[in-house]
Amino acid sequence: MAFVVTDNCIACKYTDCVAVCPADAFHEGPNFLAINPIDCIDCDLCAPECPADAIFQEDELPTGQEQFKELNAELSEVWPKITDVISPLPDADKVNGVPNKIDQLIVE
Ligand code: SF4
Ligand code: F3S
């Protein structure tokens, strides 16, 4: 069982989650973080720390967020690990809570 980063992280990327992860399971893309499901130890330390409430256990994903399970698995394979907290993206507070930001996800 693993935790999954979902839509509301996009364009926010607060990274508070990274500070508490004992498994170094987070990987960083341009405007989103992904959890590697192989590294995640299912500890639930990260979810309460996210100011965007974007992290859920894979079996408790909100309706419409199911695709993020596969996205986290795929993107964490290609993006580098992130283990240090960094500044949020400039518009983080402005776009926190805006639904369906998936179209803004930058995959590179
Ligand atoms: Fe890391 Fe625990 Fe969150 Fe998994 S549930 S990503 S191990 S803090
Ligand atoms: Fe994203 Fe929340 Fe972490 S916005 S970077 S999942 S603290």
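Described in the following lines is the structure provided in the data block. (Residues numbered from 1 in each chain as written. Chains lettered and ligands numbered in written order. Predicted model: local features only at pLDDT ≥ 70, side-chain atom pairs only at ≥ 80, totals over all residues. Heavy atoms only, no water.)

On a plain count of helices and strands, the protein comes out with 3 helices and 4 strands. The linear arrangement of helices and strands in the protein, starting from the amino end, is β-α-β-β-β-α-α. For a compact globule of 108 residues, the expected C-alpha radius of gyration is about 13 Å, and the protein comes in at 12 Å, within 12% of that figure. Sequence-distant contacts in the protein: of pairs separated by 6 or more residues, those separated by 24 or more amount to 79%. (Helix = DSSP H or I, 4+ residues; strand = E, 2+ residues; numbered from the N terminus. Rg over C-alpha atoms; globule rule 2.2 N^0.38 Å. Contact = heavy atoms within 4.5 Å.)

Moving on, we come to the site of ligand 2. The full set of residues close to ligand 2 is Val 5, Cys 9, Lys 13, Tyr 14, Thr 15, Asp 16, Cys 17, Leu 33, Cys 50, Pro 51, Ala 52 and Ile 55. Residues that form the shell around ligand 2 fall into these classes: 9 nonpolar, 1 polar and 2 charged. (Near = heavy atom within 4 Å. Nonpolar A, V, L, I, M, F, W, Y, C, P; charged D, E, K, R; others polar.)

In this structure, Lys 13 takes a positive phi of about 50° despite not being glycine. When you line up the elements, Lys 13 lands in the loop between strand S1 (3-5) and helix H1 (16-20). By relative accessible area, Lys 13 is classed as buried at 5%. Unlike most non-glycine residues, Asp 53 shows phi in positive territory, near 50°. For Asp 53, the position within the fold is in the loop between strand S3 (33-35) and strand S4 (55-57). Looking at Asp 53, the relative accessible area reads 55%, which means it is exposed. (Buried < 20%, exposed > 50% of the residue type's maximum accessible area, 1.4 Å probe, protein only.)

Lining the immediate surroundings of ligand 1 are Phe 3, Cys 21, Pro 22, Ala 23, Phe 26, Ile 35, Cys 40, Ile 41, Cys 43, Asp 44 and Cys 46. Looking at the shell around ligand 1 residue by residue, the classes come out as 10 nonpolar, no polar and 1 charged.

A few words on the pattern of salt bridges. If you walk through the whole model with that rule in mind, you get 4 salt bridges. The salt bridge involving Glu 28 is made with Lys 13; its shortest N-O contact spans 2.7 Å. With Glu 28 in strand S2 (residues 26-28) and Lys 13 in the loop between S1 and H1, the pair connects residues that are 15 residues apart, well separated along the chain. In this structure, the salt-bridge partner of Asp 91 is Lys 94, at a minimum N-O distance of 3.6 Å. (Salt bridge = Lys/Arg side-chain N within 4 Å of Asp/Glu carboxyl O.)

Our focus in this paragraph is the packing of aromatic side chains. For the structure shown, the criterion picks out 2 aromatic pairs. Between Phe 32 and Phe 68, the ring centres sit 5.9 Å apart and the planes meet at 50°, which makes this aromatic pair tilted. Residue Phe 32 is found in the loop between S2 and S3, and its partner Phe 68 is found in helix H2 (residues 67-78); the two are separated by 36 residues along the sequence. Accessibility assignment for this pair places Phe 32 and Phe 68 in one class, buried. With centroids separated by 6.4 Å and ring planes inclined at 70°, the aromatic side chains of Phe 32 and Trp 79 adopt a geometry described as edge-to-face. Placement of the pair is Phe 32 in the loop between S2 and S3 and Trp 79 in the loop between H2 and helix H3 (92-95), with a sequence separation of 47 residues. By the burial criterion, Phe 32 is buried, and Trp 79 matches it. Connected via pairs of aromatic rings, a cluster forms that spans Phe 32, Phe 68 and Trp 79. (Phe/Tyr/Trp six-rings, centres within 6.5 Å; stacked < 30°, edge-to-face > 60°.)

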